[in-house]
Amino acid sequence: VYRRTFSLDKFERYFETAVKKACNCSTFQLEDSPAVKHANTRVDPRDSTGQTRAQYGRILPEATDNLLREHLRLSRSDIFIDVGHGIGNTVLQAAYTIGCEARGIE
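Here the structure is a predicted model, which is why all the values come from computation and not from measurement.

K.L.:
Outline the side chain of Asp-65, listing residues and values.
P.N.:
Along the chain, the position of Asp-65 falls in helix H4 (residues 61-71). In this structure Asp-65 comes out as buried when scored by relative accessible area, which is 17%. A distance of 2.7 Å separates the side chain of Asp-65 from the side chain of Arg-69, its partner in a polar contact. Beyond its immediate sequence surroundings of up to four residues, Asp-65 is in contact with Leu-8, Glu-70 and Gln-93.

Spelled out as structure tokens, the structure:
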């Protein structure tokens, strides 16, 4: 199956546009949005001793690109699975820039 891929720059522009349309904010502001903040404050005390907040962090697109291409050597024929994918940035980037099937499991 042919999948059109995008350059990293083009992917970042498309993703930024989609986030802007969806929540009227930038991708950086998305992390401070009420939806993400609410998810970050929900944690089961049994998960970790002394942990009071859920952990959320993200890897920047340039570093993700390096990880996907140089370290994982991901290709179109691979299936990329991200366990604990958060809002799905890495899954979308793998699908759109590599052209592989990509799934996120939360």
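Next comes the rest of the write-up.
K.L.:
Outline the nonpolar core, listing residues and values.
P.N.:
The biggest cluster of nonpolar side chains holds eight residues, and these are Leu-68, Leu-74, Phe-80, Val-91, Ala-94, Ile-98, Cys-100 and Ala-102. Looking at this core, the element that brings in the most residues is helix H5 (residues 89-98), giving three residues. Residues contacting Ile-98, with those up to four places away along its chain left out, are Thr-5, Leu-68, Arg-69, Leu-74, Ser-75, Arg-76 and Gln-93. Phe-11, Phe-15, Val-19 and Cys-25 belong to the second-largest nonpolar core, a separate cluster that totals six residues.

K.L.:
An account of H4 is requested, with residue identities and associated values reported.
P.N.:
Residue pairs spaced three or four apart in an α-helix point in one direction, given the helix's 3.6 residues per turn. When H4 is considered as a whole, its buried residues turn out to be Pro-61, Thr-64, Asp-65 and Leu-68. All buried residues of H4 project into a common sector of 100° when viewed along the axis, lining one side. Seen from the buried face of H4, the exposed residues on the opposite side, beyond 90 degrees, are Glu-70 and His-71. The secondary structure elements touched by the buried residues of H4 are helix H1 (8-23), strand S1 (79-83) and H5. The first or second residue beyond H4 is Arg-73, which carries a positive phi of 50°.

Rules used throughout
In this convention, every chain numbers its residues from 1, walking through the sequence in written order. Local features in this predicted model are restricted to residues whose pLDDT is 70 or higher, and side-chain atom pairs enter the listing and the counts only when it is 80 or higher, whereas totals over whole chains, interfaces and linings include all residues. Values shown for side chains rest on all heavy atoms present in the structure; no hydrogens or waters enter the calculation. Helix numbers and strand numbers start at the N terminus; a helix is a DSSP run of H or I with at least 4 residues, a strand a run of E with at least 2. Classification of residues uses two cut-offs on accessible area relative to the type maximum, computed with a 1.4 Å probe and protein chains only: under 20% is buried, over 50% is exposed, and between them is partly exposed. Within 3.5 Å is the distance limit for a polar contact, defined as a pair of N or O atoms, with the added protein rule that one can donate a hydrogen and the other accept it, and that residues adjacent in sequence qualify only through two side-chain atoms. Should any heavy atoms of two residues lie within 4.5 Å, those residues are considered in contact. Side-chain atoms within 4.5 Å link the members of a nonpolar core, which is a set of buried Ala, Val, Leu, Ile, Met, Phe, Trp, Tyr and Cys residues. The arc in question is formed by the directions pointing from the helix axis toward the C-beta atoms.

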